[in-house]
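Report on the structure
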Amino acid sequence: MADTESIEIFSVIRERRSVRNYTGREVPDEALRAIIAAGIQAPTALGLQPWQFVVVRDRDLMRRASDYCKPILIEKIGEESRPGTEEFLAALKTPEFSIFYNAPVLVLVLGARDVASSVLDCTLCAENMMLAAWALGIGSCWIGAAALIEQNPEILAAMKVPGDHQIVAPLIFGYPAPLSAKPARREPRITWVP
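Every value quoted in this text rests on a predicted model; they were computed, and no experiment measured them.

Core analysis: the biggest nonpolar cluster contains 36 residues, and Ile99, Phe100, Met159 and Ile172 have the highest contact counts within it. Those elements giving two or more residues to this core turn out to be strand E1 (51-56), helix H3 (59-79), helix H4 (86-92), strand E2 (105-112), helix H5 (118-135), helix H6 (153-158) and strand E4 (165-174). Top contributing element to this core by residue count: H3, with seven residues. The residues touching Met159, leaving out its near neighbours within four places in the chain, are Val54, Val56, Leu61, Ala65, Leu106, Leu108 and Ile149. Residues Ala42, Ala133, Leu171 and Tyr175 belong to the second largest nonpolar core, which totals 22 residues.

Its place among the elements puts Ser98 in the loop between H4 and E2. Exposure remark for Ser98: the relative accessible area of 7% places this residue in the buried category. Apart from the residues lying within four places of it in its own chain, the contact partners of Ser98 are Arg63 and Ser66.

In the Ramachandran plot, Leu46 falls in the positive-phi region, its phi being about 55° despite a non-glycine side chain. As for its position among the elements, Leu46 is in the loop between helix H2 (29-39) and E1. For Leu46, a relative accessible area of 82% translates into the label exposed. Of note in the backbone geometry, Asn102 takes a positive phi value of approximately 60° without being a glycine. Judged by relative accessible area, Asn102 falls into the partly exposed class, the value being 49%.

This part takes up the environment of Met129. The residue Met129 is located in helix H5 in this model. With 112 residues separating them in the primary sequence, Met129 and Arg17 have C-alpha atoms 13 Å apart. Beyond its immediate sequence surroundings of up to four residues, Met129 is in contact with Ile35, Ile36, Gly39, Phe53, Val107, Val109, Leu171 and Phe173.

Let us now look at the pairing of E4. Among the ten residues of E4, nine are classified as buried, and the element is accordingly described as predominantly covered. Note: E2 against E4, eight bridges, orientation antiparallel. In the sheet register, Val109 faces E4, and the bridge partner there is Ala169. Summarising the sheet, strand E3 (residues 139-142) and E4 pair through four bridges and their orientation is antiparallel. Residue pairing in the sheet places Ser140 in a bridge with Phe173 of E4.

The rules behind each value
Starting afresh in each chain, residues are numbered from 1 along the sequence in its written order. Two thresholds apply to this predicted model, a pLDDT of at least 70 for residue-level local features and 80 or more for giving and counting side-chain atom pairs, whereas whole-chain, interface and lining totals are computed over all residues. Based on all heavy atoms of the structure, the side-chain values leave hydrogens and waters out of the count. To form a nonpolar core, buried Ala, Val, Leu, Ile, Met, Phe, Trp, Tyr and Cys residues must be joined to one another through side-chain atoms within 4.5 Å. Residue burial is assigned from relative accessible area. The probe radius is 1.4 Å, only protein chains are included, and a residue is buried under 20% of its type maximum, exposed over 50%, and partly exposed in between. Starting at the N terminus, helices and strands are each numbered in turn, a helix being any DSSP run of H or I of at least four residues and a strand any DSSP run of E of at least two. Should any heavy atoms of two residues lie within 4.5 Å, those residues are counted as being in contact. When DSSP locates at least two bridges between a pair of strands, those strands are taken to pair.

Take it as geometry only, folks, not as evidence of what the structure does.
Rendered as structure tokens:
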């Protein structure tokens, strides 16, 4: 029989979703510290802990990063258009649209370039962070397209990303505005090997 804490963990995992609509409420520093503290509890190959974090609250800088990424994304999606991209492509073409969905904070999970397991370790860290945020009533979304800012030295410098680290997980956080129902998950394909 599961204890109460186990039930709560499964509930957080089951209910967490990517949030793309936020209230204007700021996320307190202590909540962000707690989220990052949960992140660094993730497994890490050889215990190397190759992560570093940049917390960006500067909305103008986030807008600048979004405006830089949008035309690149439009071009990429145009080349690789597939079902489900039409709505996102239309949003990208709207001047006021931000790839950060007007979230109050962006946290870049950075991985050390000289550690082979860096991307995997930081990905596990990011998932812990998103689950911890949900447990605190804070929404999150992984904005993978924001890694395109690595092509822009000026934005990287403004965001204080060190040259020996790469952006692995650009995560936005904020308090969710009313949410629509979470999409259903398909049944997993499982092969049991006796």
